[in-house]
Number of protein chains: 2
Amino acid sequence: MEKTYVFGHKSPDTDTITSSIVMANLEQQLGNTEAKAYRLGNINKETEYVLNYLDLEAPELLEKIDDNANVILVDHNSPKESVDNLENAKIQKIIDHHKIAFNTSYPLYVRTEPVGCTETILYKLYQENNIEITKEIASLMLSAIISDTLLLKSPTTTEEDKEAVEQLSKIAEIDYEEYGLDMLKAGTDLSGFTIDEILQLDAKQIDFKDIKSIVNQVNTASIDDVMQMKDQLEEGMNKIIEEQDLDIFMLLITDIINSNSQVIALGKEAKLVEKAYNVKLEDNTVLLEGVVSRKKQVVPIMTENA
Amino acid sequence: MEKTYVFGHKSPDTDTITSSIVMANLEQQLGNTEAKAYRLGNINKETEYVLNYLDLEAPELLEKIDDNANVILVDHNSPKESVDNLENAKIQKIIDHHKIAFNTSYPLYVRTEPVGCTETILYKLYQENNIEITKEIASLMLSAIISDTLLLKSPTTTEEDKEAVEQLSKIAEIDYEEYGLDMLKAGTDLSGFTIDEILQLDAKQIDFKDIKSIVNQVNTASIDDVMQMKDQLEEGMNKIIEEQDLDIFMLLITDIINSNSQVIALGKEAKLVEKAYNVKLEDNTVLLEGVVSRKKQVVPIMTENA
């Protein structure tokens, strides 16, 4: 049997890492014994908390992929967010909850759903295939849903995510609110990261129509703490803008307790933020009240106003 | 509740028409009571046979779609094969078995699988949702799988298609080989169609890399019968090539009994057929032995050699 590489997006987050592990396990259970989980970058502190809690190793780092390798993509579908030479691979399956940003020359298995987290889809796939969800798998699934939905408070949260969290908490024997807050807080710890690393932690390349952009999101329990690094962050952002010829770089500093985001916007199209949210940037920054979801509250609004 | 338009591709075939009806029924069963099946063109004779057999009306013709209308696409995903102003609609779901040829700016439900027929996926969806498959629904599903896989003989046929046919035959109480051959033969009846209509019956706009093309497929029980119209067919094809500025127009005349296709190829890139299949066109035509699937045996081979 040929090897199958299962991986999520660059700048991996908890959903991407856990979904790789969980999907590889599902494939193995279904007879694809050579399915193996990989990661495309460093583990963040939130994911580290989850893996430590479960005493699990992080998946192996994948730097490039062989021509004609079998791959399964989870938690992403855009080649921009994937392994560099994806165009030479044979994509077998895609399990994701993002907008569609890829094309193929062959039919394949695609399962995308507009839910809060990839793991919510995987939870359904386990059930559809009558595969037992072990305590460990349930804990991984639960962690990702809490992460992506910010404890079911993000506007991306659907009834299916809530239902999954309820059932998975029982199987995992976890008080999800207590565990979830600890996990999210662990993810806000920026100590030990350089400015350049912080700016890559959860950065996505996104085009708002013709406007070339990166939107990076950093979770925090205290916006003030992060804003103390504003000068250094802006310096790093300006460097990336120049290197990658970006029109706008948005850094969302998201308060996971109060559900707001402070945005720092730089680049020649930075004023698009003012138009999109009807606000005024002062010293390149403004508080966007109630905004916590890049996917639901940033990308469509910025695109519409571009 | 808002209306939801459920439809398949232009130049509708049996899979497109029956999947529209079956998917609209599934949506209704799941509570989307305003889901309704539509068609984007004339019913072919094979589909007419199926609808007559079941005493069913064809879905209503849809000429254009209102801005922001809710739509569900079945058996296609490319905007080129869809309703003209699809870009203004809100795509809710896509159920399909073709290559991915669309992008969105929002996440949505997509379910594509590399199986022989859309109805094979719908068969699974009914089961996953515990919705009863009635005798009528089973007959519609069965007809489409027989049609798309040419009685399970096309190389697009998968184990899942075979399993579905076996189970659906029981529910439908139909001897699928006997019924299937009658249905396929009904579809080969070209009487009453003008040459222009024949050239549109199952025509797909497909680009082989930069080569702009139409591939049309006509099923027959006798290639000779169709080839008697060769001169008129070529005249019609040349007219379409000029009107649409095509590089190549391929007409596949597929013998459903012996599983071969006679191809007529016109246009300035017609010789691509010679390169792709290592054959020689004589008088613009050649027999491609064993070729019956446009998706599996034409598009990838032509694209690779383009």
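Cut-offs applied
- Residues numbered from 1 in each chain as written.
- Chains lettered and ligands numbered in written order.
- Predicted model: local features only at pLDDT ≥ 70, side-chain atom pairs only at ≥ 80, totals over all residues.
- Heavy atoms only, no water.
- Buried < 20%, exposed > 50% of the residue type's maximum accessible area, 1.4 Å probe, protein only.
- Helix = DSSP H or I, 4+ residues; strand = E, 2+ residues; numbered from the N terminus.
- Pairing = 2+ DSSP bridges.
- Contact = heavy atoms within 4.5 Å.
- Buried area = accessible area lost by both parts, 1.4 Å probe.
- Salt bridge = Lys/Arg side-chain N within 4 Å of Asp/Glu carboxyl O.
- Polar contact = N/O pair within 3.5 Å; in protein donor to acceptor, adjacent residues only side chain to side chain.
- Axes fitted to C-alpha atoms, helices over the stretch in contact; angles between N-to-C directions.
- Left-handed = near helix turned anticlockwise from the far one by under 90°.
- Nonpolar A, V, L, I, M, F, W, Y, C, P; charged D, E, K, R; others polar.
- pLDDT = per-residue confidence, 0-100.
- Domains from an automatic or database assignment.

**Student:** Give a detailed account of the pairing of strand E10 (residues 260-266) of chain A, specifying residues and quantitative values.
**Tutor:** Among the 7 residues of E10 of chain A, 7 are classified as buried, and the element is accordingly described as predominantly covered. Counting the residues that bridge the hairpin from strand E9 (residues 248-255) of chain A to E10 of chain A gives 4 residues, and of these Ser259 of chain A lies at a positive phi of roughly 60°.

**Student:** Which residues make up the interface of chain B and chain A, and what are the values?
**Tutor:** How large an interface is tends to be reported as the accessible area lost when its parts come together. Of the residues lining the interface, 20 residues belong to chain B; the matching set on chain A comes to 20 residues. Carbon and sulfur atoms make up 59% of the area that chain B and chain A hide from each other, which totals about 1700 Å². At the junction of chain B with chain A, the criterion picks out 0 salt bridges. At the boundary of chain B and chain A, one finds 10 residue pairs in polar contact (both at pLDDT 80 or more). Here the side of chain B that touches chain A gets 4 residues from one element, more than from any other, and that element is strand E6 (residues 109-112) of chain B.

**Student:** Which residues make up the sheet that holds strand E1 (residues 4-7) of chain A, and what values do they have?
**Tutor:** Strand pairing within a sheet occurs via backbone hydrogen bonds; the two strands may be parallel or antiparallel. Strand order in the open sheet made by the 12 strands is E3(A)-E2(A)-E1(A)-E4(A)-E5(A)-E6(A)-E6(B)-E5(B)-E4(B)-E1(B)-E2(B)-E3(B), with mixed pairing throughout. Lying at the two open borders of the sheet, with one neighbouring strand each, are strand E3 (60-61) of chain A together with strand E3 (60-61) of chain B. With 2 bridges joining them, strand E2 (residues 35-39) of chain A and E3 of chain A adopt parallel strand pairing. Paired with Tyr38 of chain A across the strands is Glu60 of chain A, a residue of E3 of chain A. Across the sheet, helix H3 (residues 118-128) of chain B touches strand E6 (109-112) of chain A together with strand E5 (90-96) and E6 of chain B, and the angle it forms with E5 of chain B is around 105°.

**Student:** Lay out the packing of helix H3 (residues 118-128) of chain A against helix H5 (residues 159-172) of chain A in plain terms, naming residues and giving numbers.
**Tutor:** Working note: a packed helix pair is described by the angle between its axes plus the distance between those axes. Residue and element names in this part refer to chain A. The N-to-C vectors of H3 and H5 enclose an angle of 65°; their axes lie 10 Å apart at closest approach. Here H3 runs over H5; the crossing is left-handed. In this structure, H3 uses Thr120, Tyr123 and Lys124 to contact H5, whose residues at the interface are Glu160, Asp161, Ala164, Gln167 and Leu168. The class makeup of the residues in the contact of H3 with H5 is 3 nonpolar, 2 polar and 3 charged.

**Student:** Could you give me a rundown of the confidence of the model for chain A, with the residues and numbers involved?
**Tutor:** For chain A, mean pLDDT is 95; residues scoring 70 or higher make up 100% of the total. As a predicted assembly, this complex carries a pTM of 0.90 together with an ipTM value of 0.88.

**Student:** Break down the domain arrangement of chain A for me, citing the residues and quoting the values.
**Tutor:** Residues and elements named next belong to chain A. Along its sequence, chain A is carved into domain 1 (4-186) and domain 2 (195-305). A C-alpha centroid distance of 25 Å is found between domain 1 and domain 2. Each side of the interface is counted separately: domain 1 has 16 residues, and domain 2 has 17 residues. For the side of domain 1 that touches domain 2, the residue count by class is 5 nonpolar, 7 polar and 4 charged.

**Student:** Can you break down the pattern of salt bridges residue by residue, with the values?
**Tutor:** All names here are of chain B. Counted by the stated rule, this structure contains 37 salt bridges over all chains. Between Asp189 and Lys45 there is a salt bridge, and its shortest N-O distance comes to 3.5 Å. Here the residue Asp189 occupies a position in the loop between helix H6 (176-187) and helix H7 (195-198), and Lys45 occupies one in helix H2 (residues 45-54), the gap between them amounting to 144 residues. For Asp189, a relative accessible area of 34% puts it in the partly exposed group. With relative accessibility at 19%, the residue Lys45 sits in the buried group. Among the ionic pairs, Asp196 bridges to Lys239, the shortest N-O distance being 3.3 Å. One end of the pair, Asp196, is in helix H7; the other, Lys239, is in helix H9 (residues 230-244), and 43 residues separate them in sequence.

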